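# A closer look at the structure
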Amino acid sequence: MEQFTAEVSRIQDLTHDVRAIELHLLEPATITFKPGQFVSFEVPKEGQPRPVTRPYSIASSPGQANRILLVLNLVQGGPGSSYLFGLRE
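Residues numbered from 1 in each chain as written. Predicted model: local features only at pLDDT ≥ 70, side-chain atom pairs only at ≥ 80, totals over all residues. Heavy atoms only, no water.

## A look at the side chain of Ser60
By the element assignment, Ser60 lies in the loop between strand E4 (52-57) and strand E5 (67-73). With relative accessibility at 10%, the residue Ser60 sits in the buried group. Side-chain polar atoms of Ser60 contact the backbone nitrogen of Leu69, separated by 3.1 Å. Setting aside residues no more than four positions away along its own chain, Ser60 makes contact with Phe33, Arg67, Ile68 and Leu69. (Helix = DSSP H or I, 4+ residues; strand = E, 2+ residues; numbered from the N terminus. Buried < 20%, exposed > 50% of the residue type's maximum accessible area, 1.4 Å probe, protein only. Polar contact = N/O pair within 3.5 Å; in protein donor to acceptor, adjacent residues only side chain to side chain. Contact = heavy atoms within 4.5 Å.)

Right under this line is the structure:
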């Protein structure tokens, strides 16, 4: 498993509960992936001593190796989507 550092470069609300988030990779600066692969986030969950891991499918083209596009829906009470919906550019 490889870890990446990224910054949020763009957020687009597609509906009231669906959002596209573009992450610009910082370290390492590129990623190699195949269509259908996913990335996992470790996010804090209230009442849990350790973060929980949540997977999200990569929606961007593998040809854009320095960016990852995620499209996700907000799940009420979901630690992953709540965390990602809280991110800002």
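## Here's the deal with the nonpolar core
Within the largest apolar cluster, 19 residues are counted, with the highest numbers of intra-cluster contacts made by Phe41, Ile68, Leu70, Leu72 and Leu84. Listed by contribution, the elements that provide at least two residues to this core are strand E1 (5-13), strand E2 (18-27), strand E3 (38-43), E4, E5 and helix H1 (79-85). Setting aside its immediate chain neighbours within four residues, Leu70 contacts Arg19, Ala20, Ile21, Leu23, Val39, Phe41, Tyr56, Ser57 and Ile58. (Core = buried A, V, L, I, M, F, W, Y, C linked by side-chain atoms within 4.5 Å.)

## Regarding the sheet that holds E2
Strands sit in the order E1-E2-E5 across an open sheet of three strands; the sheet is antiparallel. Each edge of the open sheet is held by one strand with a lone partner, namely E1 and E5. In this sheet, neighbouring strand axes are inclined to one another by 25 degrees on average, regardless of whether the strands run parallel or antiparallel. (Pairing = 2+ DSSP bridges. Axes fitted to C-alpha atoms, helices over the stretch in contact; angles between N-to-C directions.)

## Overview of the layout of surface pockets
Roughly 720 Å³ of internal volume is contained in the largest pocket. For the lining of the largest pocket, the elements supplying multiple residues, two or more each, are E1, E2, E3 and H1. No other element matches the six residues that E3 contributes to the lining of the largest pocket. Considered class by class, the residues forming the lining of the largest pocket number 17 nonpolar, six polar and two charged. (1 Å grid on protein atoms, 1.4 Å probe; cavity = no way out; pocket = protein on both sides within 12 Å on 5 of 7 lines; lining within 4 Å. Points joined across faces, edges and corners; volume = space filled by probe spheres on them. Nonpolar A, V, L, I, M, F, W, Y, C, P; charged D, E, K, R; others polar.)

Keep in mind these values describe shape, not function.
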